Amino acid sequence: MRGDKKNVIKKILVAEELSENISLPADTGITITVTGNVEKTIDSIILESENTTLLCLIVIPINRYETVYRHMNLIDYSKIFYQMLLVGDDSSLPDHNLDRLYHISDFIDEKTSQSKIRFIIEKSFSIIEKHFQNEQKKNWYYAKLIDAQRDQEDLINIGKSLSGEKDMEKLLRLILYLSKKITGADGGSIYLVEEDENSRKRLRFKYSHTFSREIPLEEFVMEMNNKSISGYVAVTGEVLNLPNAYMIDALAPYSFNPYFDRQHSYISRSMLVVPMKNHLDQIIGVIQLINSKEDLSGIRKYENEAFEIKLETEADFDRYVVTFDDRYNSLLEAIAGQAAIAIENNRLINQIQMQFEEFVKASVTAIESRDPATSGHSFRVALICKEMAMAVNSVDKGYLGKYKFTETDIKELEFAALLHDFGKVYIDLNIFKKAKKLYPKDLENLKLRLDYLYRYIELKFFAKEMDIIRESLASNRPSNETLSATHEEKIKKLTRVTEMKEQLIRLNEPTITDLDPDSVLSGILDEIADIECTDITGNSLDILTDLDRINLRIKRGSLNEQERIEIESHVIETYKFVSKIPWPPEYKNIPEIALRHHEKLDGTGYPDRLNGREATSLQSRMMAIADIYDALTAQDRPYKKSVPLDKVLIILKEEADRNKLDPDLVNLFIDTKLYERIPAAVQSI
Ligand SMILES: [Fe+2]
Ligand SMILES: [Fe+2]
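Calculation criteria
- Residues numbered from 1 in each chain as written.
- Chains lettered and ligands numbered in written order.
- Predicted model: local features only at pLDDT ≥ 70, side-chain atom pairs only at ≥ 80, totals over all residues.
- Helix = DSSP H or I, 4+ residues; strand = E, 2+ residues; numbered from the N terminus.
- Expected span 1.5 Å × (residues − 1).
- Buried ≥ 20, exposed ≤ 12 C-beta atoms within 10 Å, placed from the backbone.
- Arc of directions from axis to C-beta.
- Contact = placed C-beta atoms within 7 Å.
- Axes fitted to C-alpha atoms, helices over the stretch in contact; angles between N-to-C directions.
- Parallel < 35°, antiparallel > 145°, perpendicular 65-115°, else oblique.
- Left-handed = near helix turned anticlockwise from the far one by under 90°.
- Nonpolar A, V, L, I, M, F, W, Y, C, P; charged D, E, K, R; others polar.
- Pairing = 2+ DSSP bridges.

Asks: Describe in detail helix 20 (residues 645-657), supporting the description with residues and values.
Replies: With 13 residues, helix 20 ought to run about 18 Å at 1.5 Å a step, and its terminal C-alpha atoms sit 18 Å apart, in line with that. Two residues or fewer past helix 20, Asn-659 is found with a positive phi of approximately 60°.

Structure representation (structure tokens):
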């Protein structure tokens, strides 16, 4: 406690009116001051120096006792320690209320001998000094108590800070920062224990910071043995508190490596090196602090005063560097223990998170591999969403300016995007692949039935022609005219079947034509109804099945109502699946974000036809854009052509103009050329 050193002045103050009447010994070694105004003299001595404590014997007539005592009560008691020697006649004693006797060293009269007065003076100063020492001790213990309380508070705060940090790099930085802040160290390093490929333990120099030098950080590994200081601590688990790194005991197994000092014109003096032990008492690393600093006032305040001292010259090192206070040994050990647990938690959380992320990715890959043409879609949507969130973060004005995504928010969005189409696993894959109104096999069957109809008509007319010829031969009447009329009718009907086949094939196309599929199909059905066509068992044959009729009546796209409902159900299935995952609280929005990726601002989307921007989250609206963008630009599929980029951007803009997509997000997507940030590797997954 260098800060507690004070100037101490010893004085005997004698009231002027007594100076003639009593004779004080002059050889006590204590200055005697005769004063006409005792109170004023005391005040001026104390005021002279802020750091002065006055040890004082006040010699006054007994009738001044009350006044002086009252005055003494007004003075800060840490500034003065005193006794009063009262002078008077025994007869005057009853006139005074001397109820603070501990401040009175004695009561003498004018006849008291010099030797007795000397004794009284010595005894008084002995008492005064004892009081002063007791007070100092009390202050010292009090300061220790405050230190211990601060240490405790620091530990609690450090525990809180460390447990809240999820990023490993930031965590290491925080551990070192807090360790230095507590101990006033100028520099420090963190080493972590790891295993090499042969399961041999080694130390990795992971993070370092020196307040007085700008040194770029370079990780390296070193053998874990007791030859180095950090290695010794990592192997033995002992705390090393070294006053001077250059004066290590010759018998110590470890030695100091001055390489760093030479490289950076630095002088490592005091060192405090503690092991980081986890809850199983295993050493997972080492914290090494260098050069505890104290400024010359000796008062180390709680904040970072020590950090404001730059160690530039050798004189600075001599002047400011002190040995690490012993109390830091256990304190830093406690911090290191908390740090070890935080690091292990961090590793575990990262590992679990990584495993989960890989599992999600593997699942998504497996699902997407059902349809190679769409594989990579969810990964690309996730990437676009992530890029879009970062682009939103850089917007400061307007509607998007109020949104800021944290790293966790972006991770949440990525997970939601990866899983957004997970529900498709429950849906018949053929529906996704359905490129035309009829499935290929249904079209083939229809063509076969039409071919059958063609042959059936042909045969029917052949039989009719045979009948005509047979009848002509039997009746010996020419049949040419009838035959040619029949032939013409046959050709007409067969041509019509061929035309119908072509018409139906055209109708099968999902593109919107001028023709109303309903009326075209009704016409064909009417014509077919006129032809009585039977199968080989004689039952009448439906050329167009009920399903063919439903499908060929589709006005837009290739899906009928039933199929459309089934496809749209994928968002509900996604929601149900994703909701079952016990997400941590920071990812609680994932199911909702994924559920809403097909909602439109104008209320025409699904599953809930939500209306307006406020009805869905920004994340869902971002995903809607990413989803459409990727669906349009995805590489050619057997049943779907890739749309060129310029056309895609026009479509997105139109969708925004038609109040389907969020216009601010579409503008951001186009203006920042966000689509250019998708690496080719992901584009071709
Ligand atoms: Fe979807
Ligand atoms: Fe999608």
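After that view, the rundown keeps rolling.
Asks: Break down helix 21 (residues 663-671) for me, citing the residues and quoting the values.
Replies: Residues of helix 21 that are buried: Leu-665, Val-666, Leu-668 and Phe-669. Across the axial projection of helix 21, the buried residues extend over an arc of 160°, all falling on one side. Along its buried surface, helix 21 packs onto helix 9 (377-393), helix 10 (398-401), helix 19 (618-633) and helix 20. One or two steps after helix 21, the chain reaches Lys-673, where phi turns positive at roughly 50°.

Asks: A description of the packing of helix 14 (residues 480-507) against helix 15 (residues 517-530) should follow, citing residues and the corresponding values.
Replies: Helix 15 packs onto helix 14 with a crossing angle of 150° between their chain directions and a minimal axis gap of 11 Å. By the criterion of interaxial angle, the relationship of helix 14 to helix 15 is roughly antiparallel. Classified by chirality, the crossing of helix 15 by helix 14 is left-handed. When helix 14 is examined against helix 15, the residues Arg-496, Met-500, Gln-503, Leu-504 and Leu-507 are found in contact with a partner set consisting of Pro-517, Val-520, Leu-521, Ile-524 and Glu-527.

Asks: Quick one: what's the story with unusual backbone geometry, residue by residue and with numbers?
Replies: For the peptide bond that leads from Tyr-606 to Pro-607, omega is 10°, which places it in the cis range. Mapped onto the elements, Pro-607 comes out in the loop between helix 18 (590-595) and helix 19. Positive phi outside glycine occurs at Asn-659, with the angle close to 60°. Examined against the element boundaries, Asn-659 turns out to sit in the loop between helix 20 and helix 21. One non-glycine residue, Lys-673, adopts positive backbone phi at about 50°. The residue Lys-673 is located in the loop between helix 21 and helix 22 (680-683) in this model.

Asks: Describe the packing of helix 20 against helix 21, with residues and values.
Replies: Look at helix 20 against helix 21: their axes get within 9 Å of each other, and the N-to-C directions meet at 160°. The orientation of helix 20 relative to helix 21 falls into the category roughly antiparallel. Crossing handedness for the pair helix 20 and helix 21: left-handed. Here helix 20 contributes Leu-649, Leu-652, Lys-653 and Ala-656 to the contact with helix 21, which in turn contributes Pro-663, Val-666, Phe-669 and Ile-670. Of the residues assigned to the contact of helix 20 with helix 21, the class counts are seven nonpolar, no polar and one charged.

Asks: Summarise the pairing of strand 7 (residues 201-210); cite the residues concerned and give the values.
Replies: Of the strand pairs in this sheet, strand 6 (residues 185-195) and strand 7 are connected by nine bridges, and their pairing is antiparallel. Looking at strand 7, one finds that Leu-192 is bridged to Arg-204. Linkage of strand 6 to strand 7, two consecutive antiparallel strands, is achieved through a turn of five residues, within which Ser-199 is found at a positive phi near 60°. Here four bridges tie strand 7 to strand 8 (residues 220-223), and the two strands are oriented antiparallel to one another. Paired with Leu-203 across the two strands is Met-222, which belongs to strand 8.

Asks: For the sheet that holds strand 1 (residues 7-15), give the residues involved together with the corresponding values.
Replies: Read from one edge to the other, the open sheet built from five strands follows the order 2-1-3-4-5, with strand pairing classed as parallel. Each edge of the open sheet carries a strand with a single partner, namely strand 2 (31-35) and strand 5 (104-108). Taken over all neighbouring pairs, the strand axes of this sheet differ in orientation by 20° on average, direction set aside. Where helix 2 (residues 65-73) meets the sheet, its contacts fall on strand 3 (52-61) and strand 4 (80-87), and the angle it forms with strand 4 comes to roughly 175°. Packing against the sheet, helix 3 (residues 114-164) makes contact with strand 1, strand 3, strand 4 and strand 5, and its axis sits at approximately 155° to strand 4.

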